[in-house]
Amino acid sequence: MDLTERQLQILQAVISDYVQNAEPVGSRSISKKYNLGVSPATIRNEMADLEEMGYLTHPHTSAGRIPSDKAYRLYVNNLMQKRNLTTREKRAIRDKLHADRAEFNATIRHAAELLSEITHLASFAMTPVNNQDTLNFIKLLPVDERTIVMMIVADSGSITNTTMRVNVPYTAETLEILSKTMTVHYKGTTIDEALKANIIEDIGTDIEAMNLFSGNVMPSFMKTLEDMLNVNLYTEGLMNIFNIPEYSSIDKARDFLELFSKKEEFTRNMLSRGDGIIVTIGEENMSDSMKDCSLITASYHVDGKLVGKVGVIGPTRMKYDEVTSIMEYLTNNLSESFKLGDGKDE
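For clarity, every value in this text was computed on a predicted model and none was experimentally measured.

Further remarks concern the packing of helix α1 (residues 5-21) against helix α3 (residues 40-52). Running from N to C, α1 and α3 cross one another at 85°; their axes reach a closest spacing of 10 Å. Considered as vectors, α1 and α3 are oriented roughly perpendicular to each other. Counted together, Arg6, Gln7, Ile10, Leu11 and Val14 of α1 and Thr42, Ile43, Glu46, Met47, Asp49 and Leu50 of α3 form the full contact between these two elements. Within the contact of α1 with α3, the residues separate by chemical class into six nonpolar, two polar and three charged.

What follows is the structure, encoded as structure tokens:
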């Protein structure tokens, strides 16, 4: 059944009031706060109809009503207006979220921190799945006589540095031989392909290079590739949950925090969500622990690929217009920064 214009206005007023105050909303309150041009009695009758249609619920302990998941879904899909961020908010995102390819993971972690700071909700950010990222070059750099840094640069521009202790002596010439050999062999291969490759025969007859490669470099290289395949999950603001009235119950707060303790399951569920901004509300969420929550995720890209995720989790009583606008600007800024490599965004 389609809602009338007046019912939509009343529903939007109830949602706005409840999001702001976390208290059931009565018809008299709506009449006083919003100029709808009708009496409290008319509003009360319309609210009763909205409840019958499933858009409002009626807590037993109050004469007021609160929005249902169905109401929030209607709001997100049809009533929500995109909120323009202020110049100050945009500047805060640009200044604090400086994308640096050499510190890719740190940048993604900062995105989670910034998202929590601005929205006052629990937030998370995930690095992309890298199994199809291709390698560009490998460089071995001396630190001291027993320490080497291995730099792996992917075509996406991401840089991974690994420090290793070596148990055999080496020379600059040895490192150069290994760097060139590994780059020639692995350039253009995906991480999955590199993990299956064997280049022992390509090292040649240099005994020193062979010993260093087989004893230290190759094991460290394989371990680093495996780590690059892992999706890093950064969470921030989990304690914000205790400032939200809906989670005043210790049991509810504990269930919420346990979501993030099951990292592999949580990461898998988040990666299965689609591209762009996705909003799931209450019962729409798969996890029983999230039936009272809303989850908003947004994706970012690196050079048009390697999709990662950022997200917020909070009560269904959420400022959807504000949060989605912030996330859209943040992820666009992040994607553009990695694309241009200069961190700038107009």
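This part covers helix α6 (residues 104-119). End to end, α6 covers 23 Å across 16 residues, agreeing with the expected 22 Å (1.5 Å per residue, within 8%). Those residues of α6 that sit buried are Phe104, Ala106, Thr107, Ile108, Ala111, Ala112, Leu114, Leu115, Ser116 and Thr119. Following α6 by one or two positions, His120 has its phi on the positive side, about 65°.

A word on the environment of Gly274. Take Gly274: it is sitting in the loop between α11 (263-271) and β8 (278-281). On the accessibility criterion, Gly274 (36% relative accessible area) is partly exposed. Considered as a pair, Gly274 and Lys180 are 94 residues apart in the sequence and their alpha carbons are 40 Å apart.

Going through the model one piece at a time under the given rule, you end up with nine salt bridges. Salt-bridge contacts for Asp144 lead to Arg165; the nearest nitrogen and oxygen are separated by 3.9 Å. Taken as a pair, Asp144 in strand β4 (residues 135-144) and Arg165 in strand β6 (residues 159-165) lie far apart in primary sequence, 21 residues in all. Residue Asp144 is classed as partly exposed on the basis of its relative accessible area, which comes to 36%.

Now for the packing of aromatic side chains. Counted according to the given criterion, the structure contains three aromatic pairs. An angle of 50° between the planes, with centres 5.8 Å apart, marks the rings of Tyr72 and Tyr320 as tilted. Placement of Tyr72 in helix α4 (residues 69-79) and of Tyr320 in helix α12 (residues 320-340) is noted, with a sequence separation of 248 residues between them. Judged by its relative accessible area of 1%, Tyr72 falls in the buried class. Considering the side-chain rings of Phe124 and Phe266, the 5.1 Å spacing of their centres and the 85° angle between planes classify their relative orientation as edge-to-face. Taken together, the positions of Phe124 in strand β3 (residues 122-126) and Phe266 in helix α11 put the pair 142 residues apart, joining distant regions of the chain. Accessibility assignment for this pair places Phe124 and Phe266 in one class, buried. Its end group placed over the ring of Tyr55, Lys70 keeps NZ or CZ at 4.5 Å from the ring centre. Its guanidinium or amino end placed over the ring of Tyr234, Arg109 lies 5.8 Å from that ring's centre, counting from NZ or CZ.

This paragraph deals with the nonpolar core. Core analysis: the biggest nonpolar cluster contains 71 residues, and Leu11, Phe124, Phe256, Ile313 and Tyr320 have the highest contact counts within it. Among the elements that line this core, the one with the most residues is α12, at eight residues. Listed in part, the 24 residues of the second largest apolar core include Leu140, Val168, Ile191 and Val217.

Quick notes on the rules
Residues numbered from 1 in each chain as written. Predicted model: local features only at pLDDT ≥ 70, side-chain atom pairs only at ≥ 80, totals over all residues. Heavy atoms only, no water. Axes fitted to C-alpha atoms, helices over the stretch in contact; angles between N-to-C directions. Helix = DSSP H or I, 4+ residues; strand = E, 2+ residues; numbered from the N terminus. Parallel < 35°, antiparallel > 145°, perpendicular 65-115°, else oblique. Contact = heavy atoms within 4.5 Å. Nonpolar A, V, L, I, M, F, W, Y, C, P; charged D, E, K, R; others polar. Expected span 1.5 Å × (residues − 1). Buried < 20%, exposed > 50% of the residue type's maximum accessible area, 1.4 Å probe, protein only. Salt bridge = Lys/Arg side-chain N within 4 Å of Asp/Glu carboxyl O. Phe/Tyr/Trp six-rings, centres within 6.5 Å; stacked < 30°, edge-to-face > 60°. Lys NZ or Arg CZ within 6 Å of the ring centre and 35° of its normal. Core = buried A, V, L, I, M, F, W, Y, C linked by side-chain atoms within 4.5 Å.

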